[in-house]
Amino acid sequence: MPPKSVPLPAKPSKPYFFYGHRKPSQNRPVVYGGLFSNRQVLKPPQSPLPPSPPFDLRKWDPHLLSQNPSPPPIPTPHQHSKLSPIARFIIDAFRKSQYTWGPSVVFELNKLRRVTASLVAEVLKVQDDPILASKFFHWAGKQKGFKHNFASYNALAYCLNRNGRFRMADQLPELMDSQGKPPTEKQFEILIRMHADKNRGQRVYYVYQKMKNFGIKPRVFLYNRIMDALVKTGYLDLALSVYEDFRGDGLAEESITFMILIKGLCKAGKVDEMLEVLGRMREMFCKPDVFAYTAMIKILVSKGNLDGCLRVWEEMRRDGVEPDVMAYVTLVAGLCKGGRVQRGYELFKEMKKKGILIERVTYGVLIEGFVKDGKLGSACGLLKDLIDSGYRADLGIYNPLIEGMCDVKLIDRAYKLFQVTVQEGLEPGFATVKPMLLAFAEMRRMSDFCKLLEQMQKLGFSVNDDLSKFFSFVVEKGERTIMAVRVFNELKVKGYGSVLIYNILMGALHKTGKVKQALSLFQEMKDLNFEPDSSTYSNAIICYVEDENIKDACICHNKIIEMSCVPSIDAYYSLTNGLCKIGEIDAAMMLVRDCLGNVTNGPMEFKYALTVLHACKSGAEKVMEVLNEMMQEGLPPDNIICSAIISGMCKYRTIEEARKVFANLRARKLLTEANVIIYDELLIEYMEKKAADLVLSGLKFFGLESKLKAKGSTLLSR
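Conventions we followed
- Residues numbered from 1 in each chain as written.
- Predicted model: local features only at pLDDT ≥ 70, side-chain atom pairs only at ≥ 80, totals over all residues.
- Heavy atoms only, no water.
- Helix = DSSP H or I, 4+ residues; strand = E, 2+ residues; numbered from the N terminus.
- Buried < 20%, exposed > 50% of the residue type's maximum accessible area, 1.4 Å probe, protein only.
- Contact = heavy atoms within 4.5 Å.
- Areas by Shrake-Rupley, 256 points an atom, 1.4 Å probe, with all protein chains shown as cover.
- Phe/Tyr/Trp six-rings, centres within 6.5 Å; stacked < 30°, edge-to-face > 60°.
- Lys NZ or Arg CZ within 6 Å of the ring centre and 35° of its normal.
- Salt bridge = Lys/Arg side-chain N within 4 Å of Asp/Glu carboxyl O.
- Core = buried A, V, L, I, M, F, W, Y, C linked by side-chain atoms within 4.5 Å.
- Patch = residues over 30% accessible without salt bridge, like charges linked within 9 Å, V, L, I, M, F, W, Y side chains within 5 Å.
- Lys, Arg positive; Asp, Glu negative; His and termini not counted.
- Charge placed at Lys NZ, Arg CZ, Asp CG, Glu CD.
- Axes fitted to C-alpha atoms, helices over the stretch in contact; angles between N-to-C directions.
- Parallel < 35°, antiparallel > 145°, perpendicular 65-115°, else oblique.
- Left-handed = near helix turned anticlockwise from the far one by under 90°.
- Nonpolar A, V, L, I, M, F, W, Y, C, P; charged D, E, K, R; others polar.

K.L.:
I would appreciate a short explanation of the overall build of the chain in the present structure.
P.N.:
The secondary structure content of the chain amounts to 38 helices and zero strands. With 718 residues in all, the chain has 43% of them scored as buried. Relative to all contacts within the chain whose residues are 6 or more apart in sequence, the contacts with residues 24 or more apart total 60%. For the chain, the exposed surface amounts to about 40700 Å²; the carbon and sulfur share of it is 54%.

Laid out in structure tokens, this is it:
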């Protein structure tokens with residue numbers, strides 16, 4: 001029996017590169033240990049940044065932005081964790097130079113004994129500065145014994161495209177050819193794929209043309225990619241020209257080639273041409289399947305081409321392709337939305353006959369279509385069929401039915417359906433109750449109207465907000481404004497009312513020409529202690545100006561200013577126009593400046609008014625040039641523009657210059673004779689007022705007030 005072997009004592013574990021551990025340091029933050037699986041990244045301590053000085057607008061120099069552009073974002077350490085040591089050395093050289101190419105970078109790079117094309121590609125793959133990448137690529141190409149390979153060229157193309165320099169990337173084939181490395185189909189495929197992913201159809205065609213110039217014929221796959229990109233971006237004509245080249249090269253179409261063209265022709269509505277391609281597809285023994293036909297129908301439905309949909313459906317039947325549920329649902333939905341609900345219902349019955357499972361969405365589309373078509377009985381029959389099939393109707397089905405019943409004055413049945421939605425816990429919204437509220441209002445059943453409001457409140461509706469939506473909907477048609485006011489008069493007695501409702505009704509009354517009634521609502525609102533907001537005052541300004549009560553309009557404007565708000569653009573325009581009519585030109589021009597300083601996009605008349613004021617410094621000819629520009633923009637000179645001419649000419653030029661402008665407008669039949677006389681009187685009055693103000697200012701400056709007052713003058717008491 002052999003002696004038993006005595007186990008040797010285990011050797012103490014000796015730290016070794018393969019299975020040992022190394023303490024990370026700042027110079028070597030990436031640690032490999034074990035089976036290279038426990039990588040760690042040591043983050044350097046971050047010192048707190050000093051507080052930035054406060055921004056001073058007076059010391060700001062915009063030219064510094066162009067002289068000192070912000071450096072590109074510094075890549076995070078994990079982006080470079082898989083780079084080789086030499087690649088990390090190059091990236092560190094870029095970082096030390098703040099990502100700008102210069103002698104310091106070249107000095108660091110010259111320390112390298114040898115640069116390979118794979119190293120260049122490795123660096124370019126993580127580079128985010130296209131200018132720096134191009135400089136480095138050019139520097140590497142000048143090194144002794146170095147030649148770029150396809151990998152480095154491709155990496156530069158990806159880098160340029162990734163950073164928005166795709167036009168530079170398109171020039172790489174010429175660069176490769178000039179450096180003795182003619183491009184292959186792969187380089188053009190990369191460029192085409194980049195442009196296709198970004199939906200740059202014209203650039204795809206540009207690269208394709210360049211590919212032809214280099215004498216390279218694409219494969220079928222690349223041809224398909226080019227045509228697909230052109231079709232998706234709306235360049236069907238270019239895609240068809242590429243297809244002609246495809247056939248000219250003697251290549252055989254694949255099923256995807258045909259489908260790309262068919263989809264493009266469907267989008268363009270060219271059904272006859274699409275059927276020709278479909279016939280060619282059959283000749284190549286690659287008949288479309290149900291998914292291809294469904295895609296055609298979906299495209300034609302999205303374009304509203306229902307006749308084309310039905311023709312495709314017949315072609316599908318001709319090919320013996322059995323439609324699935326998606327094909328049926330797509331066509332039924334398209335027919336119902338396009339007003340052909342009866343044809344859609346025939347397909348629905350065909351689905352039931354075949355035993356195809358019909359979704360609730362299909363029922364909803366058909367019910368909504370029947371309601372719009374006025375066939376409420378058929379819609380209710382479908383609802384019963386839906387419930388018998390084991391489905392529960394949702395609000396998308398109940399809402400059209402309720403609206404349809406209200407349209408034919410079956411308001412009680414609609415109310416019962418509403419109760420059903422509540423009992424089933426469907427949480428109806430404003431869209432559900434709006435048709436019932438309108439029907440109750442039109443039928444003057446205000447007790448039922450208020451009863452519905454009470455139920456809405458119990459269900460958690462925000463009644464005042466929904467009433468605001470209701471009145472906004474009602475006054476969309478001007479003839480229903482009186483009904484809206486009547487309904488509100490009955491509701492406010494029961495405590496329903498808000499500032500927003502008053503604003504809606506005031507605006508609607510003003511649009512229908514009932515200014516006095518709108519102002520009475522404004523007064524009533526204040527009597528009931530409602531706090532008007534800026535919209536209320538803006539509506540009041542417009543109404544007061546039309547009622548020729550400029551004083552109260554100005555009071556409303558001041559109220560808005562006291563609230564630290566801004567009047568509406570319509571209120572600005574109306575008040576400015578009103579002030580111009582009564583000769584308060586200075587106040588009107590002040591409002592013009594105030595409006596343009598407070599709103600984002602003021603009226604064009606205001607912008608041209610300031611332009612006219614500035615042009616008055618140069619004389620009548622310059623003003624008429626501005627007026628000609630206005631006419632080209634379709635803006636004839638109005639009251640505000642003429643007032644700006646009076647103000648500018650009295651301030652910078654003479655009365656005769658202003659009269660010359662008005663005479664020119666009269667000769668061009670832009671002003672009537674009566675308007676010229678009115679503006680001439682305003683011109684004289686305004687000039688006299690300015691002269692009087694100048695005299696008074698002189699008397700006050702030289703201290704002559706006391707002498708005039710001693711002689712009994714009342715001139716300075718104005």
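Here the narrative resumes.
K.L.:
Explain the packing of aromatic side chains to me, please; I cannot follow it from the model alone.
P.N.:
Each aromatic ring pair is summarised here by two numbers: the centre-to-centre distance and the angle between the ring planes. Under the defined criterion, the tally for this structure stands at 23 aromatic pairs. For the pair F348 and Y363, a centre-to-centre distance of 5.3 Å together with 75° between the ring planes defines the contact as edge-to-face. Placement of F348 in helix α18 (residues 341-354) and of Y363 in helix α19 (residues 360-372) is noted, with a sequence separation of 15 residues between them. Assessed through its relative accessible area of 1%, F348 is described here as buried. With a centroid separation of 6.3 Å and 85° between ring planes, the pair formed by F522 and Y544 is classed as edge-to-face. Taken together, the residues span a long stretch of sequence, with F522 in helix α28 (residues 515-527) and Y544 in helix α29 (residues 534-546) at a distance of 22 residues. Here F522 matches Y544 in class, with each residue buried. Of note, R200 hangs over the ring of F166, and the distance from its end group to the ring centre comes to 3.8 Å.

K.L.:
Please explain the pattern of salt bridges as it appears in this structure.
P.N.:
Should their charged atoms come close, side chains of opposite charge can pair. For the structure on display, the rule yields 38 salt bridges. Here R193 makes a salt bridge to E189, at a shortest N to O gap of 3.7 Å. Taken together, the residues R193 and E189, both in helix α9 (residues 185-197) and four residues apart, mark about one turn of the helix. Given a relative accessible area of 22%, R193 falls into the partly exposed group.

K.L.:
I tried to follow the environment of Y537 on my own but got confused; where do I start?
P.N.:
Along the chain, the position of Y537 falls in helix α29. Here the alpha-carbon distance between Y537 and P567, two residues 30 residues apart in the chain, equals 7.8 Å. Excluding its chain neighbours within four sequence positions, the residues that come into contact with Y537 are F522, P532, C556, K559, I560 and M563.

K.L.:
Help me out: how do you make sense of the nonpolar core in this one?
P.N.:
Soluble globular proteins: nonpolar side chains tend toward being buried together. Counting 220 residues, the largest nonpolar core has M436, F449, F471 and L491 as the members making the most contacts within it. Sequence-distant contacts of L491, that is, excluding residues within four places in its chain, are made with M446, F449, C450, L453, L467, F471 and Y496.

K.L.:
Sorry, what's going on with a negative patch on the surface here?
P.N.:
Among the surface-exposed residues, E584, E681, E685 and E688 lie close enough to one another that they form a single negatively charged patch. Position of E688 relative to the elements: it lies in helix α37 (residues 673-701).

K.L.:
I keep staring at unusual backbone geometry and nothing clicks. Help me out?
P.N.:
Glycine aside, negative phi is the norm for most residues, and most peptide bonds take the trans geometry. The residue E427 is not glycine, and still its phi comes out positive at about 55°. Its location among the elements puts E427 in the loop between α22 (411-423) and α23 (430-442). Judged by its relative accessible area of 70%, E427 is exposed. Phi angles above zero are rare outside glycine, and N529 is one such case at about 65°. Structurally, the position occupied by N529 is in the loop between α28 and α29. Of the residues examined, N529 reaches a relative accessible area of 69% and is grouped as exposed.

K.L.:
Looking at this model, I keep getting lost on the packing of α29 against helix α31 (residues 569-581). Mind explaining?
P.N.:
Helix packing geometry: the angle between the two helix axes and the distance between the axes. For the pair α29 and α31, the least separation of the axes is 9 Å and the interaxial angle reads 30°. With respect to α31, the element α29 is oriented roughly parallel. The handedness of the crossing between α29 and α31 is left-handed. Between α29 and α31, the residues in contact are S538, I541, I542 and V545 and D570, A571, S574, L575 and G578, respectively. Residue composition of the contact of α29 with α31, by class: five nonpolar, three polar and one charged.

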